[in-house]
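Per-entry structural report
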Amino acid sequence: MSNIKKAFEKGKAFIAFITCGDPDLETTEKAVRAAVDGGADLIELGIPFSDPTAEGPVIQGANVRALRGGVTTDKIFAFVSRLRRDVTVPLVFMTYANVVFSYGAEKFISACADIGIDGLILPDVPYEEKDEFLPVCRKYGVDLISMIAPTSLDRIAMIAKEAEGFLYIVSSLGVTGARENIDTDLSAIVAEVRKSTDIPCAVGFGISTPVQAKKMSASADGIIVGSAIIKLLEKYGKDAPAYIRDFVASMKSALV
């Protein structure tokens, strides 16, 4: 069994996204631990990139702050190694294809396996191009996590059949960021996925309140929250971990 699936074994999963190095890796480490203490079942770690095309202004800002602070992929690998001494929840990296290409795909993915990364999300790699990375991911036991958008209806079965770890369902069109209303018919998307696989489905993009978390989790197996957490880091800086713990606890308790 994929280690990622363990995040979904005890009910609806809460997945927290945190950008590595915003404002520094020491704070990132404390933020991850705080999220786990608050009940996070899986942590999605963002490796900063200069052109994060899937991200809205909040997470773009986190990328800029982290890169200006001198964070590098190697520093992030070392940070995760320290984290893995006692943090046992599944961990996945979210980054962009160029980060992996520039590091060397096999070198990057083998390092992920060595430090205890369970999965990899590459938003700018469509299904049709995933073979650039999938064979190497399978070689080292790292799940390459697929994404489904509201516009993917005629491609859902194709994507779902080969999905690994969990399916990342994008709740709405556009980039990441909190939204007042999410109107996508998620139940229809999940129902279509279920025709092909029983892999867990987690919903992300725009979820920022317990009310939204409750609504989204009614259709899916888990939710992913990023921008709302990054806003706490932007506002409170090194003091953010305590606020993150309380926020995650409130969101986790709302899942149905």
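Here, every reference points to the structure presented above.
First, a word on scope: everything that follows refers to the structure included in this document. All figures in this text were calculated on a predicted structure; none of them were measured in a lab.

Cut-offs and rules
Residues numbered from 1 in each chain as written. Predicted model: local features only at pLDDT ≥ 70, side-chain atom pairs only at ≥ 80, totals over all residues. Heavy atoms only, no water. Helix = DSSP H or I, 4+ residues; strand = E, 2+ residues; numbered from the N terminus. Rg over C-alpha atoms; globule rule 2.2 N^0.38 Å. Buried < 20%, exposed > 50% of the residue type's maximum accessible area, 1.4 Å probe, protein only. Contact = heavy atoms within 4.5 Å. Lys, Arg positive; Asp, Glu negative; His and termini not counted. Charge placed at Lys NZ, Arg CZ, Asp CG, Glu CD. Pairing = 2+ DSSP bridges. Core = buried A, V, L, I, M, F, W, Y, C linked by side-chain atoms within 4.5 Å. Salt bridge = Lys/Arg side-chain N within 4 Å of Asp/Glu carboxyl O. Polar contact = N/O pair within 3.5 Å; in protein donor to acceptor, adjacent residues only side chain to side chain. Phe/Tyr/Trp six-rings, centres within 6.5 Å; stacked < 30°, edge-to-face > 60°. Lys NZ or Arg CZ within 6 Å of the ring centre and 35° of its normal.

Let us look at the overall build of the protein chain. On a plain count of helices and strands, the protein chain comes out with 11 helices and 9 strands. Radius of gyration (C-alpha) of the protein chain: 17 Å, near the 18 Å computed for a compact globule of 256 residues. For the protein chain, the spread of C-alpha atoms along the three principal axes comes to 45 × 40 × 30 Å. For the protein chain, buried positions account for 58% of its 256 residues. Of all intrachain contacts in the protein chain linking residues separated by at least 6 positions in sequence, the fraction that spans at least 24 positions is 73%. Charged side chains of the protein chain number 28 positive and 33 negative; the gap between the two group centres comes to 4 Å.

As a further point, take helix H5 (residues 105-115). Three or more residues of H5 are buried, namely Ala105, Phe108, Ile109, Ser110, Ala111, Cys112 and Ile115. Buried residues belonging to H5 abut helix H3 (73-83), strand S3 (91-94), helix H4 (97-103), strand S4 (119-121) and helix H6 (134-140). Downstream of H5 by one or two residues, Gly116 has phi in the positive range, about 95°.

Strands sit in the order S5-S4-S3-S2-S1-S9-S8-S7-S6 across an open sheet of 9 strands; the sheet is parallel. Of all the strands in the sheet, the pair left with one neighbour each is strand S5 (143-145) and strand S6 (147-148).

Along the chain, the position of Phe77 falls in helix H3. Since its relative accessible area comes to 6%, Phe77 is described here as buried. When the C-alpha atoms of Phe77 and Ile117 are compared, they prove to be 9.4 Å apart, with 40 residues separating the residues in sequence. Among residues more than four places away in sequence, those in contact with Phe77 are Phe93, Tyr103, Phe108, Ala111, Cys112 and Ile115.

On to the nonpolar core, then. Counting residues in each nonpolar core, the largest one holds 98 residues, and the members touching the most others are Phe93, Phe108 and Phe166. Discounting residues that sit within four places of it in the chain, Phe108 has contacts with Ile47, Thr73, Phe77, Phe93, Thr95, Val99, Val100, Tyr103 and Leu120.

Assignment of secondary structure puts Val32 in helix H1 (residues 25-38). Residue classification places Val32 among the buried positions, given a relative accessible area of 0%. It is 9.7 Å that separates the C-alpha atoms of Val32 and Cys20, two residues lying 12 residues apart in sequence. Beyond its immediate stretch of four places on either side in the chain, Val32 contacts Ile18, Ile43, Leu45, Phe79 and Leu83.

The subject of this paragraph is the pattern of salt bridges. Scanning the model with the defined rule gives 15 salt bridges in all. Between Lys139 and Glu106 there is a salt bridge, with its nearest N and O atoms 2.6 Å apart. Of the two residues, Lys139 is situated in helix H6 and Glu106 in helix H5; the sequence distance between them amounts to 33 residues. With its nearest N and O atoms 2.7 Å apart, the salt bridge here joins Glu162 to Lys130. Note that Glu162 is positioned in the loop between helix H7 (156-161) and strand S7 (167-170) and Lys130 in the loop between S4 and H6, a separation of 32 residues in sequence. Taken together, the shared-partner salt bridges connect Glu29, Arg33, Arg82 and Asp86 into one network.

Moving on: the side chain of Ser217. Mapped onto the elements of the fold, Ser217 is located in helix H9 (residues 210-217). Note on Ser217: relative accessible area 0%, which makes it buried. A polar contact is formed between the side chain of Ser217 and the backbone oxygen of Lys214, at a distance of 3.1 Å.

Take the packing of aromatic side chains next. Geometrically, a pair of aromatic rings is defined through the distance of the ring centres and the angle of the planes. One pass over the full model with this rule turns up 9 aromatic pairs. Judged by centre distance (6.2 Å) and plane angle (50°), the rings of Phe93 and Phe108 are tilted. Remark: Phe108 occurs in helix H5 and Phe93 occurs in strand S3; sequence separation between them is 15 residues. Across the pair, Phe108 and Phe93 agree in class, each one buried. Ring geometry for Tyr103 and Phe108: centres 6.0 Å apart, planes at 85°, overall edge-to-face. The pair Tyr103 / Phe108 is uniform in exposure class, with both members buried. Cluster of aromatic residues (ring-pair linked, three or more members): Phe77, Phe93, Tyr103 and Phe108. Looking at Lys107, its charged tip hangs above the ring of Tyr103, at a distance of 4.7 Å from the centre.

Any link to function would need more than the numbers given here.
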